[in-house]
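Structural description and commentary
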Amino acid sequence: MACGPQACGTVPETGRSQFNVLSAGAERQLGAEAYAETLSGARTLSTGPEFDRVQRVGRRIAEASGRRYPKSVAGFEWQFAVIDTPEVNAWMLPGGKSAVNTGLLKLATSDDELAIVMGHEAAHAIARHGAERISRGMAAEIVFGVASASGEIDPVLVDATATAYGAMGETAFSRSEESEADHIGLMIAADAGYDPRASLSFWKKMAANGANAPFEFLSTHPSDETRVKRLEQLLPKAEAVYAQAKNRTP
Ligand SMILES: [Zn+2]
């Protein structure tokens, strides 16, 4: 869809123009609402080594995102929930509200690999892929605002947000969105001081795990060969970012 002057955004890192009628603030509001709803039905952990691990990596992903894309993450209130379920999944809603399943933690054995996934999820939120999807589908409704006259947030939009960012456990993103999230996520992980080469081992592992779960990574992602080829092309840039991160004084 062509983007007019009222509804034109630019994705950081890739520079792609996007059509987006939803303001970042409105999207964060929807994200917060969708987060509360999604987690109310989930069994979450609030202590223990798995919880600590996700907070540790998440904090560094948040800091790196702030360094690289300060405008995109302005107003984010990062949260990293851990959901106790074997389903291999992770997601992040607008505003930095995210969750990682314990099933995914078992697959991502190193913090480097976990950072690749969490960077990828942050990238979907930073690139505002869900807002873009909602804009394409519901432009007419949204221009009138997220909240109704009575101040109630539109529940249809809350559900659309949760679905668009994969928090409902279904695959939501297109192949090109997955590639863009790989690209941005790789740079975030590297900037956070995690080895970008872990992306190759991790996505291979994911592909091998493939058939058994409705998780957001698999069914629309580029073919494994294409994905690895693209990641390899991005590695020199990511490794330069990684080297710089390692030299950064703490
Ligand atoms: Zn994705």
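You'll find the structure just up there.
Further remarks concern the overall build of the protein. When its secondary structure is counted, the protein shows ten helices and six strands. Put simply, the protein has 250 residues, and 46% of those count as buried. Taking the contacts inside the protein whose residues are at least 6 apart along the sequence as the reference set, 74% of them involve residues at least 24 apart.

What follows covers the environment of Ala7. Note on placement: Ala7 falls in the segment before strand S1 (8-10). Overall, Ala7 belongs to the partly exposed group, with 18 C-beta atoms counted inside 10 Å. Between the C-alpha atoms of Ala7 and Phe19, which are twelve residues apart in sequence, the distance is 5.7 Å. In contact with Ala7, not counting residues within four places along its chain, are Phe19, Asn20, Val21 and Ser135.

In this model helix H8 (residues 175-191) runs 24 Å from its N-terminal to its C-terminal C-alpha over 17 residues, within 8% of the 24 Å that 1.5 Å per residue would give. The buried fraction of H8 amounts to 13 of the 17 residues, a majority that puts the element mostly inside the structure. A positive phi of about 90° marks Gly193, the residue just after H8.

Let us now look at the packing of helix H1 (residues 24-40) against helix H7 (residues 155-164). Between H1 and H7, the shortest axis-to-axis distance is 8 Å and the interhelical angle comes to 80°. Looking at the two axes, H1 sits roughly perpendicular to H7. Counted together, Leu30, Gly31, Glu33, Ala34, Glu37 and Thr38 of H1 and Leu157, Val158, Thr161 and Ala162 of H7 form the full contact between these two elements. Looking at side-chain class alone, the contact of H1 with H7 contains five nonpolar, three polar and two charged residues.

Alternating positions in strand S5 (residues 90-93) separate into two faces, Ala90 and Met92 on one and Trp91 and Leu93 on the other, with burial throughout. The pairing of S5 with strand S6 (residues 97-101) spans four bridges and is classified as antiparallel. Along S6, the bridge assignment pairs Leu93 with Lys97. The antiparallel pairing of S5 with S6 creates a hairpin that spans three residues between the two strands, and Gly95 there sits at a positive phi of about 90°.

Time to look at the pairing of strand S4 (residues 79-83). Across the five residues that make up S4, a large majority, four, are buried. Pairing of strand S3 (residues 44-45) with S4, which is carried by two bridges, proceeds in the antiparallel orientation. In the sheet register, Thr44 faces S4, and the bridge partner there is Ile83. In the sheet, S4 pairs with S6 via five bridges, with the strands oriented parallel. Among the inter-strand pairings, Ile83 is bridged to a residue of S6, identified as Asn101.

A separate point is the sheet that holds S6. With respect to topology, four strands assemble into an open sheet ordered S3-S4-S6-S5, the strand pairing being mixed. Where the open sheet ends on each side, the last strands, each with one partner, are S3 and S5. Strands S3, S4 and S6 of the sheet are contacted by helix H2 (residues 49-68), whose axis makes an angle of about 150° with S4. The strands touched by helix H5 (residues 111-126) within the sheet are S5 and S6, with S5 carrying the most contacts at an inclination of about 30°.

Conventions used here
Residues numbered from 1 in each chain as written. Predicted model: local features only at pLDDT ≥ 70, side-chain atom pairs only at ≥ 80, totals over all residues. Helix = DSSP H or I, 4+ residues; strand = E, 2+ residues; numbered from the N terminus. Buried ≥ 20, exposed ≤ 12 C-beta atoms within 10 Å, placed from the backbone. Contact = placed C-beta atoms within 7 Å. Expected span 1.5 Å × (residues − 1). Axes fitted to C-alpha atoms, helices over the stretch in contact; angles between N-to-C directions. Parallel < 35°, antiparallel > 145°, perpendicular 65-115°, else oblique. Nonpolar A, V, L, I, M, F, W, Y, C, P; charged D, E, K, R; others polar. Pairing = 2+ DSSP bridges.

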